[in-house]
Amino acid sequence: MSPILIAIIVFAAIVFLMILQTNISKLQSPKWGLIIPALVLIAAVYAHFFVRVGLTIGSVLIFVIPFLWSLEELYRGRKRRIAETEKEIAKMKAKDMI
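These numbers come from a predicted model, not from an experiment.

*Asks:* I tried to follow the pattern of salt bridges on my own but got confused; where do I start?
*Replies:* For side chains bearing opposite charge, pairing can occur when the charged atoms are close. As enumerated under the stated definition, the model contains two salt bridges in all. Here Glu 73 makes a salt bridge to Arg 80, at a shortest N to O gap of 3.0 Å. For Glu 73, a relative accessible area of 4% corresponds to the buried category. According to the relative accessible area criterion, Arg 80 is partly exposed, its value standing at 30%.

In structure tokens, the structure reads:
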């Protein structure tokens, strides 16, 4: 495969994983949000140790940026989920008082 085709495939996979991470990080169980960071970490270990991809800045950044982004998105999604739950509880309490 040509390097350009590989770059396009990697970029498309990263975009897909980012969209997926945004949606699954809001689910009730925080374990769902850990799937994408784990997949990125496994892919990085596989690429660097088994496929023997060279340790260049570009090859490391291909894995570090999505990994950090997915952890940050997990944090944001959990925060949003907690805020939504607290709003629902506040609404329920307000209805109970009336």
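*Asks:* Hey, could you run me through a nonpolar patch on the surface in this one?
*Replies:* Taken together, the side chains of Leu 55, Ile 57, Val 60, Leu 61, Val 64, Ile 65, Leu 68 and Leu 71 make up a nonpolar region of the molecular surface, amounting to roughly 730 Å² of accessible area. Inspection of the secondary structure assignment puts Val 60 in helix H4 (residues 57-97).

*Asks:* What exactly am I supposed to notice about helix H3 (residues 35-50) here?
*Replies:* Note on helix geometry: an α-helix contains 3.6 residues per turn, so any two residues three or four positions apart are oriented the same way. The end-to-end C-alpha distance of H3, which contains 16 residues, comes to 21 Å, matching closely the 22 Å that a straight helix rising 1.5 Å per residue would cover. Ile 36, Pro 37, Val 40, Ala 44, Ala 47 and His 48 are the residues of H3 that are buried. Each buried residue of H3 sits inside an arc of 100° when the element is viewed along its axis, so together they form one side. Facing away from the buried side of H3 by more than 90 degrees, the exposed set consists of Ile 42, Tyr 46, Phe 49 and Phe 50. Taken from the residues just after H3, Arg 52 is the one with a positive phi, measuring 65°.

*Asks:* Would you mind going over helix H1 (residues 3-24) with me for this structure?
*Replies:* When the terminal C-alpha atoms of H1 are compared, their 31 Å separation across 22 residues agrees well with the 32 Å that a helix rising 1.5 Å per residue should span. Here H1 has its buried residues at Ile 14, Gln 21 and Ile 24. Here the buried residues of H1 occupy an arc of 105° about the axis, which is enough to place them on one side. Counted as exposed and oriented over 90 degrees from the buried face of H1: Ile 4, Ile 8, Phe 11, Phe 16 and Ile 19.

*Asks:* How should the side chain of His 48 be read in this particular structure?
*Replies:* In this structure, His 48 sits in helix H3. Ignoring sequence-local partners within four residues, the contact set of His 48 consists of Val 53, Gly 54, Leu 55, Ser 59, Val 60 and Phe 63.

*Asks:* Quick question: what am I supposed to make of the environment of Lys 26 here?
*Replies:* Relative to the helices and strands, Lys 26 is located in the loop between H1 and helix H2 (30-33). When the C-alpha positions of Lys 26 and Gly 77 are compared, they lie 4.8 Å apart, and in sequence the two are 51 residues distant.

Calculation notes
Residues numbered from 1 in each chain as written. Predicted model: local features only at pLDDT ≥ 70, side-chain atom pairs only at ≥ 80, totals over all residues. Heavy atoms only, no water. Salt bridge = Lys/Arg side-chain N within 4 Å of Asp/Glu carboxyl O. Buried < 20%, exposed > 50% of the residue type's maximum accessible area, 1.4 Å probe, protein only. Patch = residues over 30% accessible without salt bridge, like charges linked within 9 Å, V, L, I, M, F, W, Y side chains within 5 Å. Areas by Shrake-Rupley, 256 points an atom, 1.4 Å probe, with all protein chains shown as cover. Helix = DSSP H or I, 4+ residues; strand = E, 2+ residues; numbered from the N terminus. Expected span 1.5 Å × (residues − 1). Arc of directions from axis to C-beta. Contact = heavy atoms within 4.5 Å.

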